[in-house]
Amino acid sequence: MSDATSGADGSGEAATGGVEADGRSVLDGPVVVTGAGGTIGTALAVTFAALGAPLVLSDYDDGAAAVTGAQAMAAGAPEVRVVIGDAADPDVADTLVDACRDWGGPAVAVFNAGICVPGLTWEQPIEVWRRQVEVDYWGPVHGVRAMVPAMLERGSGHVVAVSSGAGLVAPPGMGAYVSSKHAVVGLMESLHHELARLGAPIGVSVVCPGNVLSNLADNSLRSMNVDPEDHELGGVAAEIDAVVRAGVDAGAAAQTVADAVVRAVRERRFWVLPQPEVGLGALDRYQRLADGRPPLDLLPPPPI
Ligand SMILES: NC(=O)c1ccc[n+]([C@@H]2O[C@H](COP(=O)([O-])OP(=O)(O)OC[C@H]3O[C@@H](n4cnc5c(N)ncnc54)[C@H](O)[C@@H]3O)[C@@H](O)[C@H]2O)c1
């Protein structure tokens, strides 16, 4: 393991098997994963590693990134490079591109780093709002702005952003997260159309998982220097937080997401919904929109 710092559309109709013009598989090239030290990031890294891809892994948690790097090497990655840095920093996105240079540029980039800090929309402190949007929305923007030119230069590639089911429907109690994840869906869809108009051989995917078993909630609080033990929400916000945490605790394995991402890269699939119920929620939303009916709160009621 080396250390670089210091350390077609949703139908799948244009499926190419992820094979580049010169016959290489996109999975042979370097795969960049941000938030690689986390639950979904680790599953992504290990899954791409098992397919023999060299990896460039990034996280701001150096210890977590190093653990994932070791797991990826053990899983079969020929080489792993680690970039420690903040996904909200555009310079870090450029450093990730630089780390891929001697491999001909990034073949696949997965913008997975994210945080989700709970709270009612009007109560959430403005610095939490800003940080949430900087990481969850501006992170993928910086990623796209750095990776797409490098992939155009390479002549191929695939960019993937991990949004959320909360990018397709709008649960309460996480307005800054919902706003950011919706923006990521719009960003990637617009990018998809731009690259299609160019005829560029670069795939685009947006991933909208439902609940996935992870420590996202506590990790996100710690990232804001809040001890989860001391985080006190009151009233409705606390009820919603309890329901959300119960959902995540009963969530799918991160491997479900990683497998869906690899399939999407191979098949050049835009929409990646590892849990089909997320699509049903989105369908209901748009039916209500067309009918002029109010949106449905999809979170279960608080426990009695
Ligand atoms: N867990 C779920 O239920 C769920 C559902 C839908 C979408 N997601 C999305 O999946 C992604 C991964 O979440 P997870 O569940 O694996 O959580 P996680 O907390 O286990 O992993 C997130 C990782 O991102 C890193 N990270 C956070 N902010 C960063 C930053 N600014 N710069 C660099 N690294 C940063 C963290 O250190 C951590 O390693 C997130 O974007 C999240 O929004 C999660």
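Each chain carries its own residue numbering, running from 1 in the written order of its sequence. Note on the predicted model: pLDDT of at least 70 is required for a residue's local features to be given, and 80 or more for side-chain atom pairs to be given and counted; whole-chain, interface and lining totals, by contrast, use all residues.

Engineer: Looking at this model, I keep getting lost on the site of the ligand. Mind explaining?
Structural biologist: Using a C-beta atom placed from the backbone, a residue is scored as near a molecule or strand whenever that atom is within 6 Å of it. Near the ligand there are 31 residues, and of these Gly 35, Gly 38, Ile 40, Gly 114 and Ser 214 occur at the shortest range. In this classification, Asp, Glu, Lys and Arg are treated as charged, Ala, Val, Leu, Ile, Met, Phe, Trp, Tyr, Cys and Pro as nonpolar, and every other residue, Gly included, as polar. Here the residues of the shell around the ligand sort into 14 nonpolar, 14 polar and three charged.

Engineer: Would you mind showing me how to read the pairing of strand β6 (residues 157-162) here?
Structural biologist: Residues in a regular strand point their side chains to alternate faces of the sheet. Counting buried residues in β6 gives six out of six residues, a clear majority hidden from the surface. Labels follow a simple rule on C-beta atoms placed from the backbone: if 20 or more others lie within 10 Å of a residue's own, it is buried; if 12 or fewer, it is exposed; otherwise it is partly exposed. Secondary structure elements are taken from DSSP: a helix is a run of H or I of four residues or more, a strand is a run of E of two residues or more, and numbering for both begins at the N terminus. The two faces of β6 match: Gly 157, Val 159 and Ala 161 on one face and His 158, Val 160 and Val 162 on the other face are all buried. At least two bridges found by DSSP between two strands is the condition for calling them paired. Summarising the sheet, strand β5 (residues 108-111) and β6 pair through four bridges and their orientation is parallel. Within β6, the position partnered with Phe 111 by the bridge is Ala 161. Convention used here: a crossover is right-handed provided that the path from the first strand, over the helix, to the second strand proceeds clockwise when the strands point away from the viewer. With respect to chirality, the unit in which β5 leads through helix α4 (residues 126-154) into the neighbouring parallel β6 is right-handed. Two elements, β6 and strand β7 (residues 202-207), share six bridges in a ladder whose sense is parallel. Its bridge partner lying in β7, Val 159 is registered against Val 204.

Engineer: Looking at this model, I keep getting lost on the packing of α4 against helix α5 (residues 175-198). Mind explaining?
Structural biologist: When two helices pack together, you describe them by how their axes are tilted relative to each other and by the distance separating the axes. At a minimum axis distance of 9 Å, the contact between α4 and α5 shows a crossing angle of 15 degrees. By the criterion of interaxial angle, the relationship of α4 to α5 is roughly parallel. Note on packing geometry: the crossing formed by α4 with α5 is right-handed. Counting all contacts with α4, which are made through Val 128, Trp 129, Gln 132, Val 133, Asp 136, Tyr 137, Pro 140, Val 141 and Val 144, the residues of α5 involved are Ala 176, Tyr 177, Ser 180, Lys 181, Ala 183, Val 184, Leu 187 and Leu 191. Every angle, taken between N-to-C directions, lies between 0 and 180 degrees, and every axis is a line fitted to C-alpha atoms, over only the stretch in contact when it is a helix. With respect to orientation, any angle under 35 degrees is reported as roughly parallel, any angle over 145 as roughly antiparallel, any angle of 65 to 115 as roughly perpendicular, and every other angle as oblique. Crossing handedness: left-handed means the near helix sits turned counterclockwise from the far one by under a right angle, and right-handed means the same turn made clockwise. A residue pair is marked as a contact if its C-beta atoms, positioned from the backbone, fall within 7 Å.

Engineer: Would you take a moment to explain α4 for this structure?
Structural biologist: Residues spaced three or four apart along an α-helix face the same direction, because each turn holds 3.6 residues. Between its first and last C-alpha atoms α4 spans 40 Å; for 29 residues at 1.5 Å apiece the expected length is 42 Å, and the two agree. When the local axis directions of α4 are compared, the greatest deviation, roughly 40 degrees, occurs at Trp 138, which is followed within four positions by the proline Pro 140. One or two positions beyond α4, positive phi appears at Gly 155, with a value near 95 degrees. Each helix should span, by expectation, one fewer than its residue count multiplied by 1.5 Å. Fitting axes to the seven residues ending at a residue and to the seven starting there, one defines the bend at that residue as the angle between these axes.

Engineer: I tried to follow the packing of helix α1 (residues 39-50) against helix α8 (residues 254-267) on my own but got confused; where do I start?
Structural biologist: Running from N to C, α1 and α8 cross one another at 50 degrees; their axes reach a closest spacing of 8 Å. When the axes of α1 and α8 are compared, the pair comes out oblique. For the pair α1 and α8, the sense of crossing is right-handed. Between α1 and α8, the residues in contact are Thr 39, Ile 40, Ala 43, Leu 44, Thr 47 and Phe 48 and Ala 254, Gln 255, Val 257, Ala 258, Asp 259, Val 261 and Val 262, respectively.

Engineer: Quick question: what am I supposed to make of unusual backbone geometry here?
Structural biologist: The phi angle of most residues is negative, glycine excepted, and most peptide bonds adopt the trans form. Positive phi outside glycine occurs at Asn 225, with the angle close to 60 degrees. Along the chain, Asn 225 falls in the loop between α6 (216-223) and α7 (235-249). Residues other than glycine seldom take positive phi values, yet Arg 268 does so here, at roughly 55 degrees. Among the secondary structure elements, Arg 268 is positioned in the loop between α8 and β8 (271-272). Residue classification places Arg 268 among the buried residues on the basis of 23 C-beta atoms within 10 Å.

Engineer: Mind showing me how you'd approach the environment of Val 83 here?
Structural biologist: Locating Val 83 in the fold gives a position in strand β4 (residues 80-84). By the C-beta count within 10 Å, which is 23 here, Val 83 ends up buried. Val 83 sits 17 residues away from Ala 66 along the chain, and the two C-alpha atoms are 9.9 Å apart.

Function cannot be inferred from these measures alone, as they are strictly geometric.
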